[in-house]
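The chain contents come next:
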Amino acid sequence: MEWFEALILGIIQGLTEYLPISSSGHIAIGQYLFGLTDPEEMLAFTVLLHVATVLSTIVILWREIVWIFNDLFKFKWNEGTKYTVNILISMIPVGIVGLCFKDTVEAFFGTGLLLVGCCLLVTATLLAFAYFAKPRVKEEISPLHAFVIGVAQAIAVLPGLSRSGSTIATGLLLGNKKEKLAQFSFLMVIPPILGEALLDVLKITKGEAIANTISTSSIVIGFIAAFVFGCLACKWMIDIVKKGKLVWFAIYCAVAGGVAIAYTCLA
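Rules of the game
- Residues numbered from 1 in each chain as written.
- Predicted model: local features only at pLDDT ≥ 70, side-chain atom pairs only at ≥ 80, totals over all residues.
- Heavy atoms only, no water.
- Phe/Tyr/Trp six-rings, centres within 6.5 Å; stacked < 30°, edge-to-face > 60°.
- Helix = DSSP H or I, 4+ residues; strand = E, 2+ residues; numbered from the N terminus.
- Buried < 20%, exposed > 50% of the residue type's maximum accessible area, 1.4 Å probe, protein only.
- Core = buried A, V, L, I, M, F, W, Y, C linked by side-chain atoms within 4.5 Å.
- Contact = heavy atoms within 4.5 Å.
- Salt bridge = Lys/Arg side-chain N within 4 Å of Asp/Glu carboxyl O.
- Axes fitted to C-alpha atoms, helices over the stretch in contact; angles between N-to-C directions.
- Parallel < 35°, antiparallel > 145°, perpendicular 65-115°, else oblique.
- Left-handed = near helix turned anticlockwise from the far one by under 90°.
- Nonpolar A, V, L, I, M, F, W, Y, C, P; charged D, E, K, R; others polar.
- Disulfide = S-S within 2.5 Å.
- Patch = residues over 30% accessible without salt bridge, like charges linked within 9 Å, V, L, I, M, F, W, Y side chains within 5 Å.
- Areas by Shrake-Rupley, 256 points an atom, 1.4 Å probe, with all protein chains shown as cover.
- pLDDT = per-residue confidence, 0-100.

Caption draft 1: The packing of aromatic side chains, seen in detail. Considering all chains together, one arrives at eight aromatic pairs under this definition. With 5.7 Å between their ring centres and 75 degrees between their planes, Trp67 and Tyr83 make a pair best called edge-to-face. In this pair, Trp67 is assigned in helix α4 (residues 62-72) and Tyr83 in helix α5 (residues 79-100), connecting sequence segments 16 residues apart. Owing to a relative accessible area of 14%, Tyr83 belongs among the buried residues under this scheme. Three or more aromatic residues link up through ring pairs in this structure, and these residues are Trp3, Phe4 and Phe34.

Caption draft 2: Geometry of the nonpolar core. If you look at the biggest cluster of nonpolar residues, it comprises 43 residues, and the most contacted ones within it are Phe184, Phe186, Leu187, Met237, Leu246 and Phe249. Not counting residues up to four positions away in its chain, the partners in contact with Met237 are Tyr18, Leu19, Pro20, Ile168, Phe186 and Leu246. In terms of nonpolar packing, the next biggest core, distinct from the first, is built from ten residues, Leu36, Phe45, Leu49 and Ala52 among them.

Caption draft 3: Inspection of the pattern of salt bridges at higher detail. Summed over the entire model, instances satisfying the criterion amount to four salt bridges. Note that Glu17 is salt-bridged to Arg163, the shortest N-O span being 3.5 Å. With Glu17 in the loop between α1 (3-16) and α2 (23-34) and Arg163 in helix α9 (residues 163-173), this residue pair connects regions lying 146 residues apart in the sequence. As far as the burial class goes, Glu17 and Arg163 line up, both buried.

Caption draft 4: Inspection of the packing of helix α7 (residues 113-132) against α9 at higher detail. With their axes 9 Å apart at the nearest point, α7 and α9 run at an angle of 30 degrees to one another. Our classification of the angle between α7 and α9 gives roughly parallel. By crossing handedness, the relation of α7 to α9 is classed as left-handed. Of the residues in α9, those in contact with Leu126, Leu127, Phe129 and Ala130 of α7 are Gly165, Ser166, Ala169, Leu172 and Leu173. Each residue belonging to the contact of α7 with α9 can be placed in one class, and the counts come to seven nonpolar, two polar and no charged.

Caption draft 5: Representation of unusual backbone geometry within the structure. Phi at Ser22 takes a positive value of approximately 75 degrees, unusual for a residue other than glycine. In this fold, Ser22 is placed in the loop between α1 and α2. Accessibility expressed as a relative area gives 0% for Ser22, which makes it buried. Notably, Phe75 is not glycine yet its phi reads approximately 55 degrees, a positive angle. Overall, the relative accessible area of 71% leaves Phe75 in the exposed class.

Caption draft 6: Inspection of the state of the cysteines at higher detail. Tallied over the full model, the rule gives zero disulfides. Left unpaired, Cys231 is separated from the closest cysteine sulfur, that of Cys234, by 7.6 Å. According to the relative accessible area criterion, Cys231 is buried, its value standing at 15%. With no disulfide partner, Cys265 has as its closest neighbouring cysteine sulfur the one in Cys118, 8.5 Å distant.

Caption draft 7: Representation of the packing of α2 against α7. Viewed as axis vectors pointing N to C, α2 and α7 meet at an angle of 150 degrees, and their least axial separation amounts to 10 Å. By the angle between their directions, the pair α2 and α7 is classed as roughly antiparallel. α7 is crossed by α2, and the crossing has left-handed handedness. Packed against α2, whose contacting residues are Gly25, His26, Ala28, Ile29 and Tyr32, the element α7 presents Leu113, Val116 and Leu120 at the interface. By residue class, the composition of the contact of α2 with α7 is six nonpolar, two polar and no charged.

Caption draft 8: Spatial organisation of a nonpolar patch on the surface. On the surface, Ile92, Ile96, Phe101, Leu144, Phe147, Val148, Val151 and Ile155 cluster together to form a nonpolar patch covering roughly 680 Å² of accessible area. Elements supplying a minimum of two residues to the nonpolar patch: α5 and α8 (143-155). By secondary structure assignment, the location of Ile155 is in helix α8.

Caption draft 9: Structural view of the confidence of the model for the protein. Per-residue pLDDT for the protein averages 83, and the proportion of residues at 70 or more is 88%. At the low end of the mean pLDDT range in the protein sits helix α11 (residues 190-205), at 69; at the high end sits α8, at 92.

Below, the structure written as structure tokens:
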């Protein structure tokens, strides 16, 4: 992988992790266009980029994270404790997928653009439903809704299904407040991604991972690009959700998905 390819992929990851257009789908498209054919190597690099965007979440939402931990370490049943419990509940579905179906999920990556295109169309449909659905605003995200949003996150491991788009759209369809959904969607992904990164590190230390052929400079450039653009996109996306302008991303995903499918069929 050349440094400029790592730069482009880092920018793509940083922007699309938060914008509801699927980071995995766009990374797959970038991988295909650059001719990066090693799925295991790309999976490890993608996990690294995800860690960079997790750090950008921590930077942008540090006040909320400090509030959660302050309440949590009071060892009382308070708002921060409730929020933590909801995050833990939302992790259950993706944890089951990660532990029981990890190999099956990873097999979908590197299989071409047809699946990506179809999943982008599903993302577009979800966003459109969320935009046109009659608002039923709830003040707080309930444990049941946290679990359902977690199911949406677990399904969104497929390339082309937007994680942020799926979780935010699901929350809106359930009647939750826009202002709280974006924040919850971005915070709930921190533990699973850090857990995935830890498992990858353990694989490397045990010698189970393939030799990394990506240069250090490419890794650093990709990481920094994902972090910087992740900070910009995270802040931007929170404002977009508050203003309810997700329909434009539905249109984009529909067009991108259609192009990916057409390209696959005509190639």
